[in-house]
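# Structural description and commentary
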Amino acid sequence: MDESSGIFSADGAALVPAEVADLDTLQARLGPQELLLDFFIEPGQIHIFLVQRDDLTLHRVEIADQQAFLATLETLRHPGRPVAGENGMRDLFLAAAERLGGMILNPLGDLLDTVEHLYLVPNGALHSVPFPALRHAGRFLVETHRVTLIPTADLLVNRVNMPSERSGRTLV
């Protein structure tokens, strides 16, 4: 049994056969206007792997206030239902989208302005965060980029269509 080729249960039975992609293969599948952002969270820090066709960069974001960070994520994941004539929930959601975008997107600087399509791999506490609704440079991310959320970067290796074969905006 080769445990490097899948996810296994306690008794060693393969649950999900998987092939782990190497960096060169992953980068070859990215188009020139595409960027993969793979997020990993640990206490006090977010690690963001930025993968482009010809570059790999690790960006670290310090989380100064863990409780405020988790509250922001919770607001984005579960904003509640607005009451007619009341903008409170909407305002809280927009403020949280601005805060998280400022924390994880704005530090990436002009790099986001050089690409059209973002592949986002949220991990841990970032699962279920509506990334297209995050704010960057005063706009929603989905207003300026095609945004695709994927559970693992390995999925890009096996995608059917190359970037030049697709057109249009991503449905969120």
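All of the points below concern the structure found in this document.

Conventions we followed
- Residues numbered from 1 in each chain as written.
- Predicted model: local features only at pLDDT ≥ 70, side-chain atom pairs only at ≥ 80, totals over all residues.
- Heavy atoms only, no water.
- Phe/Tyr/Trp six-rings, centres within 6.5 Å; stacked < 30°, edge-to-face > 60°.
- Buried < 20%, exposed > 50% of the residue type's maximum accessible area, 1.4 Å probe, protein only.
- Lys NZ or Arg CZ within 6 Å of the ring centre and 35° of its normal.
- Salt bridge = Lys/Arg side-chain N within 4 Å of Asp/Glu carboxyl O.
- Patch = residues over 30% accessible without salt bridge, like charges linked within 9 Å, V, L, I, M, F, W, Y side chains within 5 Å.
- Areas by Shrake-Rupley, 256 points an atom, 1.4 Å probe, with all protein chains shown as cover.
- Helix = DSSP H or I, 4+ residues; strand = E, 2+ residues; numbered from the N terminus.
- Expected span 1.5 Å × (residues − 1).
- Arc of directions from axis to C-beta.
- Contact = heavy atoms within 4.5 Å.
- Polar contact = N/O pair within 3.5 Å; in protein donor to acceptor, adjacent residues only side chain to side chain.
- Pairing = 2+ DSSP bridges.
- Axes fitted to C-alpha atoms, helices over the stretch in contact; angles between N-to-C directions.

Turning to the packing of aromatic side chains, a few remarks are in order. Two aromatic rings are characterised by how far apart their centres lie and by the angle between their planes. All told, the structure shown has two aromatic pairs when counted by the stated rule. Geometrically, the ring pair formed by Phe40 and Phe49 is edge-to-face, given 5.7 Å between the ring centres and 85° between the ring planes. By relative accessible area, Phe40 is classed as partly exposed at 37%. Looking at Phe49, the relative accessible area reads 32%, which means it is partly exposed. Arg135 extends its terminal NZ or CZ atom over the ring of Phe140, reaching a point 4.5 Å from the ring centre.

Let's shift gears to the pattern of salt bridges. A full pass over the atoms with the stated rule returns four salt bridges. Of the charged contacts, one joins Glu143 and Arg139 as a salt bridge, the two residues approaching to 3.9 Å between their closest N and O atoms.

Together, Leu23, Phe40, Phe49, Leu56 and Leu58 make up a nonpolar patch on the protein surface, roughly 390 Å² of accessible area in all. Counting through the fold element by element, Phe49 comes out in strand β4 (residues 45-52).

Secondary-structure assignment places Pro32 in the loop between α1 (23-29) and β3 (34-42). Given the relative accessible area of 60%, Pro32 is considered exposed. Taking the C-alpha atoms as reference points, Pro32 and Glu116, 84 residues apart in sequence, are found 9.1 Å from one another.

With that settled, consider helix α2 (residues 66-77). Between the first and last C-alpha of α2 there are 16 Å, a value that for 12 residues agrees with the 16 Å anticipated at 1.5 Å per step. Inspection of α2 places Phe69, Thr72, Leu73 and Leu76 among the buried residues, and these make up the whole buried set. Along α2, the residues classed as buried sweep out an arc of 95° about the axis, all on the same side. The elements touched by buried residues of α2 are β3, β4 and α3 (88-104). Capping the start of α2 is the job of one residue whose side-chain oxygen sits 3.2 Å from the backbone nitrogen of Gln67: Asp65.

It is worth spelling out the side chain of His117 at this point. Relative to the assigned elements, His117 resides in strand β6 (residues 117-121). Within the structure, the side chain of His117 is placed 3.3 Å from the side chain of Glu34, a separation counted as a polar contact.

Before going further, it helps to examine the sheet that holds strand β9 (residues 146-149). Read from one edge of the open sheet, five strands run β5-β4-β3-β6-β9, paired in mixed fashion. Only two strands of the sheet have a single neighbouring strand rather than two, namely β5 (55-62) and β9. This sheet shows a mean twist of 20° between the axes of neighbouring strands, independent of strand direction. Sheet topology note: the β3/β4 ladder contains seven bridges and is antiparallel. Bridging across to β4, Asp38 finds its partner in Phe49.

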